Amino acid sequence: MKPKKKIYMTAGYNTVSLGTGRKEFNPKKPRPGIEHYIKEAGQAVLEKVGGAKNVDETVISNFMAPRYNRQANLPGFAPMIDEGLLWKPAVSVEGACGSGGLGLTTSIRSVLAETADVVMALGFEVQNTMKAVYGADVLAGAGWYKVRKKGHAHFFPGQFSDRAGVYYEKYGYDRTRKGMAMWYHNAIINARKDPTAQEYHNTNPDPFATAYKMQPNGKVFVDHLTVLDCSKVSDAASALVVTSEEGLKRIGVDKKDAVEVISFANVIRDITKDPTDPTELETIRRAVQQAMADAGITAKDLATVETHDCFSIAGIMAVEALGLAPKGEGADYVAEGKTAADGEVPMNTTGGLIGWGHPVGATGVHQAVTIWQQLTGNAGDAQINIPADRPYGMTINMGGDDVTVTCIIYKRGE
Amino acid sequence: MTYEERLENVAVLGAAGKMGSGILLLTAVHMADLQLQNKDKTYVLYAIDVSNKALTGLMDYLRVQVRKIAEKKINWLRAVYEDREDLVENGEMIDEYIFDVMKIVRPVDVMEAAYKANLVFEAVNENKDLKVKLFKQIKEHNDKVWFFTNTSSVPIHYLEENAGVKGRIIGFHFYNPPAVQKLVELIKTENTDPELEKFALEYAKNLKKIIVPSNDFAGFIGNGHFMRDALFGINEALALAKEKGISLPQAIYMINKVTQDYLVRPMGIFQLMDYVGIDVMQFIMNVMNPYLEDEDLHSDLLDTMMEQGVKGGQYSSGAQKDGFLKYEKGKITAVYDPDKKEYVPVSEFAEEADKMLGELPESAVSWKSTLKMKNKDEVLSKFFNDIKNSDTLGAKLAVKYAKNSKAIGEKLVSDGVANNADDVNTVMLTGFFHAYGPINNYFD
Ligand SMILES: NC(=O)c1ccc[n+]([C@@H]2O[C@H](COP(=O)([O-])OP(=O)(O)OC[C@H]3O[C@@H](n4cnc5c(N)ncnc54)[C@H](O)[C@@H]3O)[C@@H](O)[C@H]2O)c1
């Protein structure tokens, strides 16, 4: 969908992604709760937009606070961020790991419907409240409940392990593992450039070698993935504002400091059915194609992409869904360094889900914040070159196993 | 009776004690796993103890520990509960498994429960008369039962003769805590039924334990080595104090440091005595001593400590109680002075003591760093060789200590307690977490 009026995003903010890997993380000590994350991200954004009085509506993205934190009815947290949001509209949206993307498009729709000019989109998840073995039950809610029983103890790693297994079989094990190891490598190297990233403190001198050496072992984890192929458990929040042209004026932000939404696509697959081809992320492919067609661009016009690498194999399949490499050659494309920060199309430049973290409901918003930082020259040490002839950024956010997908294309405001 | 049949009805005596609770946990989990695979059978495990309060605590302990075990074998649980449509999530299966284990266990405070058992694990206090009394009582009502005793020091043949349970008893000596420690010393008498031994080996294998056979001499291999090694440490400290004209606390500090830092052990010998408990040590030595012909396993210093009520051991939380040494947050802060009947802060003598011991060679390694070391032997060889060639007091004490430790090990073999040097080394490596066995050539 190409918006019928100009839509902008700006004033992005990420909290630290807390979890294993961060020095300050100690599973035995008490940690900040959901209120802390919602407030930190929300208040930081409000400060950048001239206060709550400038915000018409809040959209909160979250996946499983009812289970991780025993909390539902999330719109009620908007006025806790700032009294200025009291008595104003708020809504919460859920689409598993794709909740953030849905929050962004919900915000966009509100501006398009002219029910708001400035919408704050805030995503959060606080997952370290339980051990991984129980967290796996919670995350399994992103799949169809009727297949949970026959699924793996670690349900989602199990799903993507099955995909990886078929992929190895079809396109070659070693070649694919090389690409996956490089995906991990890039995630770590990029995360080290962003102080909020979960892997910011990682000091491994050769992440590629570590990941390449490690063999999947079904006895200790799942058959076809290692733990380094997986994103981690994270506590974090991300937020930004979505505005109209008038809204941008109201908050006093220059267009150059905002990104414009060129097109967006929500594409949904039937959760009760298995994917037709396990080696392909079809929903992502359709979302990407639709968004690019609406924007009138091809993958060659992209300066950078934030894609949903809950598992490294999903990163590789996204490269193929984008058409950057033919089916079965995504791993080679990655192994050749083409997705690295200095590569052909830099991807996940602050680490992505594997390196920056995967606070499920926040992830889609975090991706947009990263694109906003990169396109407006605010990415600090993680800043990549944005070529003038390829000025576009893209986010791909996926809920569940290629079920709830949002793809958005951005360009710096002008 | 097959292996599985034997395990259908089991009793643990002293089930709420330190060792009994661990033995109960491991056995309950093993039996529950059999129950899950043999649904037409009924498995029963009596947890027998005289203390009802402790039995209540045991049930709490079980619930926490079984949860941890269940979390680790979630893949297995998902397979086992495959047909249970009501169990979908990991959490539901873990809860169910905890209940499946708990429902096998019958906590009771009456000995009669053991009259129907096919197998009795005994872990009551280290009191041979008590053990004999209980075995006799059970035997009179139960002619098929096998006895597994956890005694640390009583010869098994003594229990066998006095309780009249010929051939039906075996020493199955777990280390503390049984749920963590991999080592079990297995002690037969000359009458032990070969079927009983076969069962014991299979049971140990299923519990993933490492078995070292020990012959039936008081103290067996582990305590046989430890008690003598500790006594040597005590005597070395007393001699050092006299010879150098320093206080006993300072000498204890120095020997403790030498045995830890120079000998690359997980803790110094005095800390280990505190860990085991001075009361437990004294007790075990008293039980062992009458059986020893050519040596006197006894220490006046231990008696004095006991008289003054300084005992070491652990709190129920697992935290270390003060003994020879005083601990604050796990760190040694003071050393006991039996003359003054008080603790002397380490800061009063540490500097002088360290100076007297001298510098450690540069090749020194910590015990912890050896845990994952691939070239451990090479690294230790170099370090110990440097110690051998060093003139410092610390190095000299270390070499003397190591040679004595080796001699103790060799004597266990020549006396026929251990079958060979490897068995002695395995016990010290796995039961005491030493980085190398006492019978080695590092210090020759
Ligand atoms: N603690 C160790 O490090 C260790 C290591 C190896 C072997 N052992 C041996 O294990 C045995 C138990 O030692 P522990 O340290 O667990 O002692 P403990 O004092 O912690 O436990 C003994 C338990 O036996 C119970 N008990 C006493 N009389 C009883 C009776 N008549 N009937 C039923 N229960 C009775 C007590 O209430 C207590 O719960 C001893 O033989 C000891 O030598 C101990």
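Residues numbered from 1 in each chain as written. Chains lettered and ligands numbered in written order. Predicted model: local features only at pLDDT ≥ 70, side-chain atom pairs only at ≥ 80, totals over all residues. Heavy atoms only, no water.

Undergrad: What am I meant to see in the pairing of strand 6 (residues 259-268) of chain A here?
TA: The two faces of a sheet get side chains in turn, since along a regular strand they alternate between them. Residues and elements named next belong to chain A. The element strand 6 is largely enclosed, with a buried count of eight among its 10 residues. Pairing of strand 1 (residues 8-14) with strand 6, which is carried by two bridges, proceeds in the antiparallel orientation. Along strand 6, the bridge assignment pairs Met-9 with Val-259. For strand 6 and strand 9 (residues 404-412), the ladder comprises nine bridges, and the chain directions are antiparallel. Of the residues in strand 9, the one forming a bridge with Ile-268 is Thr-404. (Buried < 20%, exposed > 50% of the residue type's maximum accessible area, 1.4 Å probe, protein only. Helix = DSSP H or I, 4+ residues; strand = E, 2+ residues; numbered from the N terminus. Pairing = 2+ DSSP bridges.)

Undergrad: Mind showing me how you'd approach the site of the ligand here?
TA: Residue and element names in this part refer to chain B. In the vicinity of the ligand, 20 residues are found, and the nearest of them are Met-19, Asp-49, Glu-126, Lys-131 and Ser-152. Lys-18 places a main-chain nitrogen or oxygen 2.9 Å from an oxygen atom of the ligand. In the complex, the protein chains occlude 80% of the 830 Å² of accessible area that the ligand would expose alone. Classifying every residue of the shell around the ligand by side-chain character gives eight nonpolar, eight polar and four charged. (Near = heavy atom within 4 Å. Polar contact = N/O pair within 3.5 Å; in protein donor to acceptor, adjacent residues only side chain to side chain. Areas by Shrake-Rupley, 256 points an atom, 1.4 Å probe, with all protein chains shown as cover. Nonpolar A, V, L, I, M, F, W, Y, C, P; charged D, E, K, R; others polar.)

Undergrad: Please explain the sheet that holds strand 10 (residues 331-337) of chain B as it appears in this structure.
TA: Two modes of strand pairing occur in sheets, parallel and antiparallel, and in both the strands are linked by backbone hydrogen bonds. All names here are of chain B. Reading across the sheet, the three strands line up as 9-10-11 and stay open at both edges, with antiparallel pairing between neighbours. Only two strands of the sheet have a single partner each, and these edge strands are strand 9 (325-328) and strand 11 (342-345). When strand polarity is set aside, the average angle formed by the axes of neighbouring strands in this sheet is 40°. As judged from the four bridges shared by strand 9 and strand 10, these two strands associate in the antiparallel manner. In the sheet register, Tyr-327 faces strand 10, and the bridge partner there is Ile-332. On the sheet, helix 11 (residues 269-276) packs against strand 9 and strand 10 and is oriented at approximately 75° with respect to strand 9. (Axes fitted to C-alpha atoms, helices over the stretch in contact; angles between N-to-C directions. Contact = heavy atoms within 4.5 Å.)

Undergrad: Just checking my understanding: could you explain the packing of helix 4 (residues 99-112) of chain A against helix 15 (residues 363-375) of chain A for this structure?
TA: How two helices pack is summed up by the angle between their axes together with the distance between the axes. Residues and elements named next belong to chain A. Two elements in contact, helix 4 and helix 15, have axes separated by 5 Å at closest approach and are oriented at 65°. In this view, helix 4 runs roughly perpendicular relative to helix 15, as classed from their interaxial angle. Here Gly-100, Gly-101 and Leu-104 of helix 4 lie close against helix 15, whose contacting residues are Gly-364, Val-365 and Ala-368. Of the residues in the contact of helix 4 with helix 15, the class split is three nonpolar, three polar and no charged. (Parallel < 35°, antiparallel > 145°, perpendicular 65-115°, else oblique.)

Undergrad: I keep staring at the interface of chain A and chain B and nothing clicks. Help me out?
TA: How big an interface is tends to be expressed through the accessible area that disappears when the partners come together. Listed per partner, the contact involves 14 residues of chain A and 15 residues of chain B. Carbon and sulfur atoms make up 41% of the area that chain A and chain B hide from each other, which totals about 1,100 Å². Between chain A and chain B we count two salt bridges in total. The partner of Glu71(B) in a salt bridge is Lys131(A), and the shortest N-O contact between them spans 2.5 Å. Where chain A packs against chain B, one counts 15 residue pairs in polar contact (both at pLDDT 80 or more). The leading source of residues in the side of chain A that touches chain B is helix 5 (residues 132-139) of chain A, at four residues. Taken together, the residues of the side of chain A that touches chain B break down into five nonpolar, three polar and six charged. (Buried area = accessible area lost by both parts, 1.4 Å probe. Salt bridge = Lys/Arg side-chain N within 4 Å of Asp/Glu carboxyl O.)

Undergrad: How should the pairing of strand 8 (residues 392-399) of chain A be read in this particular structure?
TA: Residues and elements named next belong to chain A. For strand 8, the tally of buried residues reaches eight of eight residues, placing the bulk of the element in the interior. Burial of strand 8 is two-sided: the residues Tyr-392, Met-394, Ile-396 and Met-398 facing one way and the residues Gly-393, Thr-395, Asn-397 and Gly-399 facing the other way are all buried. Alignment of strand 7 (residues 302-306) against strand 8, held across four bridges, turns out to be parallel. Each bridged residue has a counterpart across the sheet, and for Val-305 the counterpart in strand 8 is Met-394. Two elements, strand 8 and strand 9, share seven bridges in a ladder whose sense is antiparallel. Paired with Ile-396 across the strands is Cys-407, a residue of strand 9.

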